[in-house]
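# Residue-level structure breakdown
If you want the building blocks of each chain, they are given just below.
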Amino acid sequence: MVRVWCLRHGESVNVESGACGSLPAVPLTATGRDQAAAAVAVLARHAPARVYASTAVRAVYTGQIIATGLGVDLLTHPGLGEVDIGSAEGATDPPTRAETARVLHAWVVHRDLAARVADGETGHQVIARVTAALDTIADTNPAATVVLVGHTASLTVALATACQLGARVWGTALPPATPFLIQRHHRTWQCLDWPPAPR
């Protein structure tokens, strides 16, 4: 059995600008760096063997802070990236923001995985790549505890499916740098908790 402490990256600049999409070059804010540092104290109690992160700058920076604090290696995996929305990447206009929220709602609540924003990824594609990354990490770390730094939309839709959480996770967006535990046992993923929505 592998235990994976998952978390969304710390607060990033796109939160302030309202930009949509995977945005791989967006960095953390000062608050985001502090949030990542605070996560170290929580994760240190579980003695993770290594940290994995998506290749997005905000996830890598979060992972570096955590890995340095824990004294372990950081590895990146492109399959852990945020949802790509194609030609709408980086948009800040209200209609695109509303459509992005509508598509994620369709994936998580209605299981309409064929939906997509513009010419971006479908829910099927997001779930396939994130769960493949999770399985690769589990296969590489049998009986270990690791940390995974990902993104709110891609982690939510993938874990809603892989852990059979369904629509229960809708309305509780992953807060920045807040670890929660999942594990794989006999190739079945279980989500042992889900962070509550920030107050």
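In short, a report on the structure. (Residues numbered from 1 in each chain as written. Predicted model: local features only at pLDDT ≥ 70, side-chain atom pairs only at ≥ 80, totals over all residues. Heavy atoms only, no water.)

### Comments concerning the overall build of the protein chain
Our working rule: Helix and strand definitions follow DSSP, with helices as H or I runs of at least four residues and strands as E runs of at least two, each counted in order from the N terminus. It is over C-alpha atoms that the radius of gyration is taken, and the globule rule equals 2.2 Å times the number of residues to the power 0.38. Each residue is placed in one exposure class: buried if its accessible area under a 1.4 Å probe, protein chains only, is under 20% of its type's maximum, exposed if it is over 50%, and partly exposed if it falls in between.
A tally of helices and strands in the protein chain yields six helices and six strands. When the elements of the protein chain are put in sequence order from the N terminus, they spell out β-α-α-β-α-β-α-α-β-α-β-β. By the compact-globule yardstick of 16 Å for 199 residues, the protein chain fits well, its C-alpha radius of gyration being 16 Å. Seen through its C-alpha atoms, the protein chain measures out along the principal axes to roughly 45 × 40 × 30 Å. Looking at the protein chain as a whole, 52% of its 199 residues are labelled buried.

### Thoughts on the nonpolar core
As a reminder of what qualifies: For our purposes a nonpolar core is just a set of buried Ala, Val, Leu, Ile, Met, Phe, Trp, Tyr and Cys residues, chained together by side-chain atoms within 4.5 Å. Contact definition: two residues touch when any of their heavy atoms are within 4.5 Å.
Core analysis: the largest hydrophobic core is formed by 42 residues, its most contacted members being Trp107, Ile182 and Trp189. The set of elements that each furnish at least two residues to this core consists of strand S1 (2-8), helix H4 (94-110), helix H5 (123-140), strand S4 (145-150), helix H6 (152-162), strand S5 (180-185) and strand S6 (188-191). In this structure Trp189 touches Val2, Val4, Leu134, Asp135, Ala138, Ala162, Cys163, Ile182, Gln183 and Arg184, once residues within four positions along its chain are discounted. Counting residues in hydrophobic clusters, the runner-up holds 16 residues, among them Trp5, Val72, Val147 and Val149.

### Details of the side chain of Arg129
The criterion, for reference: Within 3.5 Å is the distance limit for a polar contact, defined as a pair of N or O atoms, with the added protein rule that one can donate a hydrogen and the other accept it, and that residues adjacent in sequence qualify only through two side-chain atoms.
Here Arg129 shows up in helix H5. Polar side-chain contacts of Arg129 include one of 2.8 Å to the backbone oxygen of Gly81. Ignoring anything within four residues of it in the chain, the contact list for Arg129 reads Pro78, Gly79, Leu80, Gly81, Glu82, Val83, Glu121 and Ser154.

### So, the pattern of salt bridges
Put simply, the rule reads: Just to be clear on terms, a salt bridge is a Lys or Arg side-chain nitrogen sitting within 4 Å of an Asp or Glu carboxyl oxygen.
Going through the model one piece at a time under the given rule, you end up with five salt bridges. Arg129 is the partner of Glu121 in a salt bridge, and the nearest nitrogen-oxygen pair spans 2.7 Å. A single network of salt bridges, built from pairs that share partners, joins Asp135, Asp139, Arg184 and Arg187.

### What about the pairing of strand S2 (residues 50-53)?
Worth spelling out the cut-off: Two strands qualify as a pair provided DSSP detects at least 2 bridges between them. Place the viewer so that the strands point away; then a crossover is right-handed whenever the path from the first strand over the helix to the second strand goes clockwise.
Of the pairings in the sheet, the one linking S2 to strand S3 (residues 73-76) comprises four bridges and is parallel in character. Pairing of Ala53 across the sheet is with Thr76, part of S3. In this fold, the crossover linking S2 to S3 by way of helix H3 (residues 57-70) has right-handed handedness. Relative to S4, S2 is paired through three bridges, and the arrangement is parallel. Within the sheet, the bridge partner assigned to Ala53 lies in S4 and is Val149.

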